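Single-letter residue listing:
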Amino acid sequence: MAEKTWVRMVTAQTPTNIAVIKYWGKRDETLILPVNDSISVTLDPAHLCTITTVAVSPIFDQDRMWLNGKEISLSGGRYQNCLREIRARACEVEDKEKGIKIAKNDWEKLHVHVASYNNFPTAAGLASSAAGFACLVFALAKLMKAKEDNSELSAIARQGSGSACRSLFGGFVKWIMGKAADGSDSLAVQLVDEKHWDELVIIIAVVSSRQKETSSTTGMRDSVETSLLLRHRAKEVVPKRIKQMEEAIKNRDFGSFAQLTCADSNQFHAVCLDTCPPIFYMNDTSHRIISCVEKWNCSEGMPQVAYTFDAGPNAVLIAHNRKAATQLIQKLLFCFPPSSDADLNSYVIGDKSILKDAGIEDIKDVEALPPPPEIKDAQRCKGDVSYFICTKPGRGPDLLSDESLALLHPETGLPK
Amino acid sequence: MVTAQTPTNIAVIKYWGKRDETLILPVNDSISVTLDPAHLCTTTTVAVSPSFDQDRMWLNGKEISLSGGRYQNCLREIRARACDVQDEEKGIKIAKKDWEKLHVHVASYNNFPTAAGLASSAAGFACLVFALAKLMNAKEDNSELSAIARQGSGSACRSLFGGFVKWNMGKAEDGSDSLAVQLVDEKHWDELVIIIAVVSSRQKETSSTTGMRDSVETSLLLEHRAKEVVPKRTKQMEEAIKNRDFGSFAQLACADSNQFHAVCLDTCPPIFYMNDTSHRQDNQLC
């Protein structure tokens, strides 16, 4: 090591992902090994992402982490597992310009600082821990010059949060459940990249929720222990659906994709209902959204939109193409208009150009929307949806070389 | 003329899914508790007279058609079992073979709103079949009558008895062994109190007939439920009722209700019978 003090820092950006064939239930709680495969679509990090800066320096006397500006503890098993697994794979680092030379065996004596930030609210139930752990692992791997590829890194991220492993890739991703008891073969692989099916448009309805939700970790453990339907799902249903879904994605077969996505979302929630005590993640607004989509798909004869819900009331709607997405946002804004004092500019975020395509410039245009013809006596439920996010399938993790985006100060290694 | 009163019933191990749509044969057994007719019941008067020129029925004051398959099945099955009737006082003598030429009038009234979703067709068909059986002097016992009521509405068969009732799914193709039997009478566990919360509903609900058909056709979990889960639960529920074991009874009743709704959610398109208020009550109880 050089004698003068130094700070080595790396900043990464990671996307979040939404499962279209769901992960629900572990066969190993410590290693986070699932009872079935799952498949997800990665969302565009331009709209939803985690940014993480990791720094190492001899002046740091302990591992520390700040999440969205608040310091959090790294003592929990999940963080400890990720840190240990990455440290074990650290390699030599040399930066002559900065006078940094770290030998392989130096890493175990060095401490790291981590600052992480989600550009979407944690309370929105948009899988922030998936993006978070994926980013932590990816950033540390770059910091420590680990040689592992993204699949091998996903097996480490998996130990932080199961679904995090799928955020190590863009496009459509499969988490292979694996067979090994040590979980070394339970990892993510990319099925296709984000360009393969780039006409898909994704609209997320963030639904107002009055209830504190059951955590996924607790919920899926209760399901494994008490649902008599879960085992049948994991053994018989999911393996077939995984194969069909891989085909549908490969062939850009939206009809099959939509049918499978909706069916699997509903079956996941069915298993939650079959749990003791029963878990209700979807609420009346979620059901109303499903009903809207089902009626429209039925009236068109061919599915236009797929829906899927995670462990919360938010709807993730995947439209076949831009035209379908435009019609969808019109129907959604009719059924779920903003409250009178809301600002349209913050009611539809992400890719706001969808509003322009829909001919909507201000609240007056929303009020003037016609009712969807396929819904009898369509109701307008003001305030049921907090806001909408318009996005699309996106790329995997990336390093950010722009130092101004770093969350830690380059000299102190403390949050900016 | 004969007037009868019949109770409604609530399944604690659910019937959801038919293996035969015409004969109304279920994919699994079910068990129900009969509710006190003093609070919820159907009252039905049936009359026969040579002056009636066609079968007619009035439900809650409005005339309805008897041409549908379900009504026709019940009428035909009961008529086939009609016997001699003699009332010397009124000068009535009906021979067995006279019944096929005579017509009936039926008036039925539910003392609870149909829109409340409280299984009025169960009470209704049970009452129709029971009243006609008495009118026509049929010799069949209530289990045999339940096999006829079943053809009007599946769950109607369970309203032919009080207390706790089991609808045996049966094996025969003609449905002759798909009928209700009484497990215990209403005095066996009379300390139970039943409170029904009639929840405000803004939505028109999916009919049971359509819903369960969609479930049979599209739910990948239903077959597993019918083949593996319900048979075990039915045995456990019979034990719990026999032993007045409330802990087991409650666990089984709640679990089966939730699994039935889980299968509805696993249907294409998904069926949501419970709403936020239903869920809130669930949370209250924990």
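Below is a summary of the structure that appears in this document. Worth saying up front: this structure is predicted, and the values here are computed from it rather than measured. (Residues numbered from 1 in each chain as written. Chains lettered and ligands numbered in written order. Predicted model: local features only at pLDDT ≥ 70, side-chain atom pairs only at ≥ 80, totals over all residues. Heavy atoms only, no water.)

Let us look at the overall build of chain A. Looking only at helices and strands, chain A features 11 helices and 19 strands. Radius of gyration (C-alpha) of chain A: 22 Å, near the 22 Å computed for a compact globule of 416 residues. Taken over 416 residues, chain A has a buried fraction of 57%. As displayed, chain A has an accessible area near 17,400 Å², and 50% of this comes from carbon and sulfur atoms. If the 49 positive side-chain charges of chain A are averaged to one point and the 52 negative ones to another, these points end up 2 Å apart. (Helix = DSSP H or I, 4+ residues; strand = E, 2+ residues; numbered from the N terminus. Rg over C-alpha atoms; globule rule 2.2 N^0.38 Å. Buried < 20%, exposed > 50% of the residue type's maximum accessible area, 1.4 Å probe, protein only. Areas by Shrake-Rupley, 256 points an atom, 1.4 Å probe, with all protein chains shown as cover. Lys, Arg positive; Asp, Glu negative; His and termini not counted. Charge placed at Lys NZ, Arg CZ, Asp CG, Glu CD.)

In this section: the packing of aromatic side chains. Residue and element names in this part refer to chain A. Counting across every chain of the model gives 22 aromatic pairs over all chains. Between Tyr347 and Phe388, the aromatic rings sit 5.5 Å apart at their centres with planes inclined by 90°, giving edge-to-face as the arrangement. Highlighted residues: Tyr347 in helix 9 (residues 344-347) and Phe388 in strand 18 (residues 385-391), separated in sequence by 41 residues. Accessibility assignment for this pair places Tyr347 and Phe388 in one class, buried. One aromatic cluster is present, formed by Phe172, Trp197, Phe254 and Phe257 through successive ring pairs. In this arrangement the basic side chain of Arg380 is found over the ring face of Phe334, its NZ or CZ atom lying 4.3 Å from the centre. (Phe/Tyr/Trp six-rings, centres within 6.5 Å; stacked < 30°, edge-to-face > 60°. Lys NZ or Arg CZ within 6 Å of the ring centre and 35° of its normal.)

What follows is about the pairing of strand 2 (residues 9-13) of chain B. All names here are of chain B. When you tally the buried positions in strand 2, you get 4 out of 5 residues, the bulk of the element. Pairing of strand 2 with strand 5 (residues 30-34), which is carried by 4 bridges, proceeds in the antiparallel orientation. By the bridge assignment, Asn9 is partnered in strand 5 with Thr34. (Pairing = 2+ DSSP bridges.)

Applying the stated rule across the entire model yields 0 disulfides over all chains. With no disulfide of its own, Cys165 of chain A lies 11 Å from the sulfur of Cys82 of chain A, the closest cysteine sulfur. (Disulfide = S-S within 2.5 Å.)

On to the sheet that holds strand 12 (residues 172-176) of chain A. Residues and elements named next belong to chain A. Pairing is antiparallel in the open sheet, where 4 strands are placed in the order 2-5-12-13. Only two strands of the sheet have a single partner each, and these edge strands are strand 2 (17-21) and strand 13 (187-192). Geometrically, the sheet is characterised by an average inter-axis angle of 35° between neighbouring strands, direction not taken into account. (Axes fitted to C-alpha atoms, helices over the stretch in contact; angles between N-to-C directions.)

The subject of this paragraph is the sheet that holds strand 8 (residues 70-72) of chain A. Note on sheets: strands pair through backbone hydrogen bonds, and any given pair is parallel or antiparallel. All names here are of chain A. Strand order in the open sheet formed by 6 strands is 8-7-11-6-1-19, with mixed pairing between adjacent strands. Both outer strands of the open sheet, strand 8 and strand 19 (398-399), are each paired with one neighbouring strand and no more. Direction of pairing for strand 7 (residues 64-67) relative to strand 11 (residues 111-118): parallel, over a ladder of 4 bridges. Note on strand 11: the bridge partner recorded for Met65 is Val114. Its contacts with the sheet put helix 2 (residues 128-143) on strand 1 (8-15), strand 6 (49-57), strand 11 and strand 19, and the angle it makes with strand 1 is roughly 145°. (Contact = heavy atoms within 4.5 Å.)

Take the packing of helix 2 (residues 120-135) of chain B against helix 3 (residues 142-149) of chain B next. When two helices pack together, their arrangement is given by the angle between the helix axes and the distance between those axes. Residues and elements named next belong to chain B. Packing of helix 2 against helix 3 brings their axes to within 9 Å, and their N-to-C directions diverge by 125°. Considered as vectors, helix 2 and helix 3 are oriented oblique to each other. The crossing of helix 2 and helix 3 is right-handed. Listed contacts from helix 3 to Phe125, Ala126, Val129, Phe130 and Ala133 of helix 2 are Asn142, Leu145, Ile148 and Ala149. Taken together, the residues that form the contact of helix 2 with helix 3 break down as 8 nonpolar, 1 polar and no charged. (Parallel < 35°, antiparallel > 145°, perpendicular 65-115°, else oblique. Left-handed = near helix turned anticlockwise from the far one by under 90°. Nonpolar A, V, L, I, M, F, W, Y, C, P; charged D, E, K, R; others polar.)

Turning to the nonpolar core, a few remarks are in order. A general tendency of soluble globular proteins is for nonpolar side chains to be buried together. Residues and elements named next belong to chain A. Ile204, Phe257, Leu317, Ile318, Leu333, Phe336 and Phe388 are the most contacted members of the largest nonpolar core, which has 79 residues in total. Looking at this core, the element that brings in the most residues is helix 8 (residues 322-335), giving 8 residues. When near neighbours in sequence (up to four residues on either side) are disregarded, Ile204 contacts Leu43, Leu48, Leu126, Ala315, Val316, Tyr387, Phe388 and Ile389. Counting residues in each nonpolar core, the second largest holds 53 residues, with Ile86, Cys135, Phe169 and Cys272 among its members. (Core = buried A, V, L, I, M, F, W, Y, C linked by side-chain atoms within 4.5 Å.)

Bringing the interface of chain A and chain B into the picture now. Contact with chain A, which involves 23 residues of that partner, is made by 22 residues of chain B. In total, about 2,200 Å² of surface goes out of reach between chain A and chain B, with carbon and sulfur atoms giving 65% of it. Among the residues of chain A in contact with chain B, Leu229, Leu273 and Phe280 of chain A are the three that bury the most area, contributing 25% of the side total. Taken together, the links from chain A to chain B amount to 0 salt bridges. Taken together, the elements giving at least two residues each to the side of chain A that touches chain B come down to helix 5 (230-250), helix 6 (254-273) and helix 7 (284-300) of chain A. Sort the elements by how many residues they give to the side of chain A that touches chain B and helix 6 of chain A lands first, with 5 residues. (Buried area = accessible area lost by both parts, 1.4 Å probe. Salt bridge = Lys/Arg side-chain N within 4 Å of Asp/Glu carboxyl O.)

On to the packing of helix 1 (residues 77-87) of chain A against helix 2 of chain A. Residue and element names in this part refer to chain A. It is the contact of helix 1 with helix 2, at a shortest axis distance of 10 Å, that shows an interaxial angle of 25°. In terms of orientation, helix 1 and helix 2 fall into the roughly parallel class. In this structure, helix 1 crosses over helix 2, and the sense of that crossing is right-handed. Where helix 1 approaches helix 2, its residues Arg78, Tyr79, Cys82, Leu83 and Ile86 are matched on the opposing element by Phe133, Leu136, Val137, Leu140 and Ala141. Its residues assigned to classes, the contact of helix 1 with helix 2 shows 9 nonpolar, no polar and 1 charged.

What follows concerns the pairing of strand 11 of chain A. Residue and element names in this part refer to chain A. Among the 8 residues of strand 11, 6 are classified as buried, and the element is accordingly described as predominantly covered. As paired elements, strand 6 and strand 11 share 8 bridges and run antiparallel to each other. Along strand 11, the bridge assignment pairs Val54 with Val114.

Glycine aside, negative phi is the norm for most residues, and most peptide bonds take the trans geometry. Note that the residue after Cys276 of chain A, namely Pro277 of chain A, is joined by a cis bond; omega there is -5°. When you line up the elements, Pro277 of chain A lands in the loop between helix 6 and helix 7. A cis amide bond links Cys268 of chain B to the next residue, Pro269 of chain B, at an omega of -5°. Residue placement: Pro269 of chain B occurs in the loop between helix 6 (246-265) and helix 7 (276-285).

Before going further, it helps to spend a moment on the side chain of Asp284 of chain A. With respect to the helices and strands, the residue Asp284 of chain A is situated in helix 7. Despite its burial, Asp284 of chain A pairs with no opposite charge; the closest candidate is Arg288 of chain A, at 4.7 Å N-O. If near-sequence neighbours (up to four positions away) are discounted, Asp284 of chain A is found in contact with Asn275 and Asp276 of chain B.

What follows covers a nonpolar patch on the surface. Among the surface-exposed residues, Ile194, Ile196 and Val198 of chain B lie close enough to one another that they form a single nonpolar patch of about 260 Å² accessible area. By relative accessible area, Ile196 of chain B is classed as partly exposed at 36%. (Patch = residues over 30% accessible without salt bridge, like charges linked within 9 Å, V, L, I, M, F, W, Y side chains within 5 Å.)

Under the defined criterion, the tally for this structure stands at 34 salt bridges over all chains. In this structure, the salt-bridge partner of Arg87 of chain A is Asp63 of chain A, at a minimum N-O distance of 2.9 Å. Of the two residues, Arg87 of chain A is situated in helix 1 and Asp63 of chain A in the loop between strand 6 and strand 7; the sequence distance between them amounts to 24 residues. The partner of Arg56 of chain B in a salt bridge is Glu63 of chain B, with the nearest N and O atoms 2.8 Å apart. Using a relative accessible area of 43% as the deciding quantity, one classes Glu63 of chain B as partly exposed.

Let us now look at empty space enclosed by the protein. The full count for this structure, using the stated rule, is 2 cavities of 30 Å³ or more. Its boundaries defined by the atoms lining it, the largest cavity holds a volume of some 160 Å³. For the lining of the largest cavity, the secondary structure elements donating two or more residues are helix 6 of chain A together with helix 6 of chain B. Element by element, the count of residues in the lining of the largest cavity is highest for helix 6 of chain B, at 3 residues. Counted by class, the lining of the largest cavity contains 11 nonpolar, 4 polar and no charged residues. The space that makes up the second largest cavity amounts to roughly 40 Å³. Forming the walls of the second largest cavity are Cys292, Val293, Trp296, Leu328, Lys331 and Leu332 of chain A. Elements with a minimum of two residues in the lining of the second largest cavity: helix 7 and helix 8 of chain A. Its residues assigned to classes, the lining of the second largest cavity comprises 5 nonpolar, no polar and 1 charged. (1 Å grid on protein atoms, 1.4 Å probe; cavity = no way out; pocket = protein on both sides within 12 Å on 5 of 7 lines; lining within 4 Å. Points joined across faces, edges and corners; volume = space filled by probe spheres on them.)

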